[in-house]
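# Structure assessment
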Amino acid sequence: MSRIAIAAFSGWNDAGEAATGVIDHLLETWPSRPAGRVDAEEYVDFQVNRPDIRTTEDGLRVVDWPDTELRIVTPPQGPEIVTVLGAEPSLRWKSFCDEVLEQMQLLDVSAVVCLGALLADVPHTRPLPVSSQVEPGAAESVGDRDQYVGPVGIPTILARRTTSAGLRTTSMWVQVPHYISHSTSPKAVLALVRELQELISAPIPQDELEAIAEGWMRGADELARTDQEIGAYVRELEQIQDAGELPGASGEAIAREFEQFLRRRREAD
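All of the points below concern the structure found in this document. Model, not experiment: these values are computed from the prediction.

Next up on the list: the packing of aromatic side chains. What the rule picks out here adds up to four aromatic pairs. Ring centres of Y43 and F96 lie 5.4 Å apart, and the angle between their planes is 75°; on these two criteria the pair is classed as edge-to-face. Placement of the pair is Y43 in the loop between β2 (32–38) and β3 (52–55) and F96 in helix α2 (residues 93–106), with a sequence separation of 53 residues. By the burial criterion, Y43 is buried, and F96 matches it. In textbook terms, an aromatic cluster arises when at least three aromatic residues are bridged by ring pairs, as seen for F9, Y43 and F96.

Following this line, the structure appears as structure tokens:
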């Protein structure tokens, strides 16, 4: 039976550590075993993603390099899952994606989900928006779908590579409130997990994630309550989203709103 691969990378594509948090949750929930690895030596700037050193239970000193690791996860039902987890590479993205694709093919992967998370003007008090779409093939028109123009990260490049190789590829992104971007966002992890559940036959346990997300919400509520500027900004975002204007907001409008928010903070300081 063919497998589905789920990929996430830390760094620019991982606001609130939401994308990598999904992989971490799957690995903590279900048994897994090593299945492959892409050596970081050729792709990662070690001054950006430094190796770690630790002491094992046997008293040995071991260096952990920021390699990209592939693992086979075995849910209680349905096909196995291949997880791809690592740091966004700094160099040679095309070759990196080719290596990942080659290992996926060796593991009989037929479908791929590339996860990402981005900072956005969204209120933490509302469901966090998640976009999920199957990547079009080279000969397919994108039609009326949203056509983003601008910089991209490794999930987008990997998605295009796996699509060109004939693997059905879904790109899944969650929006994370930018005004609390300094911390992890379990609510964003939960939003991605719920969207991912549509593609996974085995029920993904979510009780623990929901409890952690509720704690995060209480902290975010307290921040909005004690900081008048942030509180006012959150209420403004709520009004915009409730009016249905946020999905159609232009990049310029969002940037302008954020600049106004920062200017108010500087004036308050």
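Right, let's talk about the pattern of salt bridges for a bit. Inspection of every chain in the model, using the stated rule, returns 12 salt bridges. A salt bridge links R71 to E69; the shortest N-O distance between them is 3.0 Å. Linking D98 and R161 is a salt bridge whose minimum nitrogen-to-oxygen distance equals 2.5 Å. Highlighted residues: D98 in helix α2 and R161 in helix α3 (residues 154–164), separated in sequence by 63 residues. Among the ionic contacts, a cluster of salt bridges with common partners joins R37, D67, E69 and R71.

The rules we used
Going along each chain's sequence as written, the residues are numbered from 1 onward. Only residues with pLDDT of at least 70 are given local features in this predicted model, and only at 80 or more are side-chain atom pairs given and counted; all residues enter the totals for whole chains, interfaces and linings. Excluded from the side-chain calculations are hydrogens and water; all other atoms, namely the structure's heavy atoms, are used. The criterion for an aromatic pair is that two Phe, Tyr or Trp rings (for Trp, the six-membered ring) have centres within 6.5 Å, with stacked assigned to planes under 30 degrees apart, edge-to-face to planes over 60 apart and tilted to the rest. Helix numbers and strand numbers start at the N terminus; a helix is a DSSP run of H or I with at least 4 residues, a strand a run of E with at least 2. For each residue, the accessible area found with a 1.4 Å probe, counting protein chains only, is set against the maximum for its type, and the residue is called buried under 20%, exposed over 50%, and partly exposed in between. Basic side-chain nitrogens of Lys or Arg form a salt bridge, by our definition, when they fall within 4 Å of a carboxyl oxygen of Asp or Glu.

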